[in-house]
Amino acid sequence: MTVRLFLLAATSVFYASAAFAAPVTIDVRGPDGKPIAGAVVAVEAPGVATPPPRGAYSVEQRNIQFQPHVLIVPVGASVAFPNRDKVRHHVYSFSKPKKFDLKLYGREEARTVTFDKPGVVALGCNIHDSMSGFVFVVSTPFAAQTNTTGRVALQGVPAGAVTVRVWHPSIRAPGNTLVQALRVAPNGLSTTVNAR
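The present account deals with the structure reproduced in this document. Being a predicted model, the structure only gives us computed values, none of them experimental.

## Some details on the sheet that holds strand E7 (residues 77–82)
Ordered by their spatial adjacency, three strands build an open sheet running E3-E7-E10, and the pairing between neighbours is mixed. The outermost strands of the open sheet, each flanked by one partner alone, are strand E3 (57–58) and strand E10 (110–115). Inspection of the sheet shows E3 paired to E7 by two bridges, in the parallel sense. When the bridges of E7 are listed, Ser58 appears paired with Ala80.

## Side note on the packing of aromatic side chains
Centre distance and the angle of the planes are the two values used to describe a pair of aromatic rings. In the structure shown here, the tally under the stated rule is five aromatic pairs. Ring geometry for Phe134 versus Trp167: centroids 4.9 Å apart, planes at 65°, classification edge-to-face. Taken together, the positions of Phe134 in strand E12 (residues 133–138) and Trp167 in strand E15 (residues 160–167) put the pair 33 residues apart, joining distant regions of the chain. Put simply, the rings of Phe81, Phe100 and Phe115 pair up and form one aromatic cluster.

## Examining the pairing of strand E6 (residues 70–74)
Within a regular strand, side chains alternate between the sheet's two faces. Across the five residues of E6, four count as buried, placing the element largely inside the fold. Alignment of E6 against E12, held across five bridges, turns out to be parallel. In the strand pairing of E12, Ile72 is matched with Phe136.

## Points about the pattern of salt bridges
Tallied over the full model, the rule gives six salt bridges. Asp27 is paired through a salt bridge with Arg151; the nearest N and O atoms lie 2.9 Å apart. Taken as a pair, Asp27 in strand E1 (residues 21–29) and Arg151 in strand E14 (residues 151–158) lie far apart in primary sequence, 124 residues in all. Taking relative accessible area as the criterion, Arg151 reaches 39% and is therefore assigned partly exposed. For Lys103, the salt bridge identified is with Asp101, shortest N-O distance 3.0 Å. Given a relative accessible area of 55%, Lys103 falls into the exposed group. By relative accessible area, which is 39% here, Asp101 ends up partly exposed.

## Section: the sheet that holds E1
Hydrogen bonds between backbone atoms are what pair the strands of a sheet, whose relative direction is either parallel or antiparallel. Overall, mixed pairing links the three strands, which are arranged E14-E1-E17 in an open sheet. The open sheet is flanked by E14 and strand E17 (189–194), the only strands paired with a single partner. Between one strand axis and the next, the sheet turns by 25° as a mean value, whatever way the strands run. Note: E1 against E14, six bridges, orientation antiparallel. Within the sheet, the bridge partner assigned to Ala21 lies in E14 and is Pro158.

## Description of the environment of Ala195
Within the secondary structure layout, Ala195 lies in the segment after E17. The class of Ala195 is buried, set by a relative accessible area of 7%. Ala195 sits 22 residues away from Ala173 along the chain, and the two C-alpha atoms are 8.7 Å apart.

Thresholds applied
Residues numbered from 1 in each chain as written. Predicted model: local features only at pLDDT ≥ 70, side-chain atom pairs only at ≥ 80, totals over all residues. Heavy atoms only, no water. Pairing = 2+ DSSP bridges. Helix = DSSP H or I, 4+ residues; strand = E, 2+ residues; numbered from the N terminus. Phe/Tyr/Trp six-rings, centres within 6.5 Å; stacked < 30°, edge-to-face > 60°. Buried < 20%, exposed > 50% of the residue type's maximum accessible area, 1.4 Å probe, protein only. Salt bridge = Lys/Arg side-chain N within 4 Å of Asp/Glu carboxyl O. Axes fitted to C-alpha atoms, helices over the stretch in contact; angles between N-to-C directions.

Worth remembering: the numbers are spatial, not functional.
Structural data, given as structure tokens:
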């Protein structure tokens, strides 16, 4: 194949893929049928690369809480943990995707951690047991949290077979995660995932 034909073929594949990029809408329901707000939905499509980290990612300690409570970042992202409280914090995680220990630090100080593996990283504070948060590390550009109606809408998902992961602390499954194999039609996918 000549270079020109190869470029033409590659261009055709790109436009064919772009033409079949579709919207995906997923509703997440609990065992009682009520919507689960704040669930993380990640759609993994074959051949779609991990998005590069963009911008600044941050989980603040403010009012003796982690803010945001759940942060979604791509693999390789560096996340700052600034302390906005008057008291000192000691942020840590024992989670398999990323174990770390940020020794005591005070107001307006910050520490940074790079998350290099996908998965859920639970956060805690050695000083304040009530503090709880999560960093959700993804290898797909198609990930978001459900809104108050339990719905998430993603755009540009390639048509074809995909793997859908739904995570929430209340889901009774290994890793609090449901995994489903689904197929995205050229005109999109709209479905409901029922948690146990």
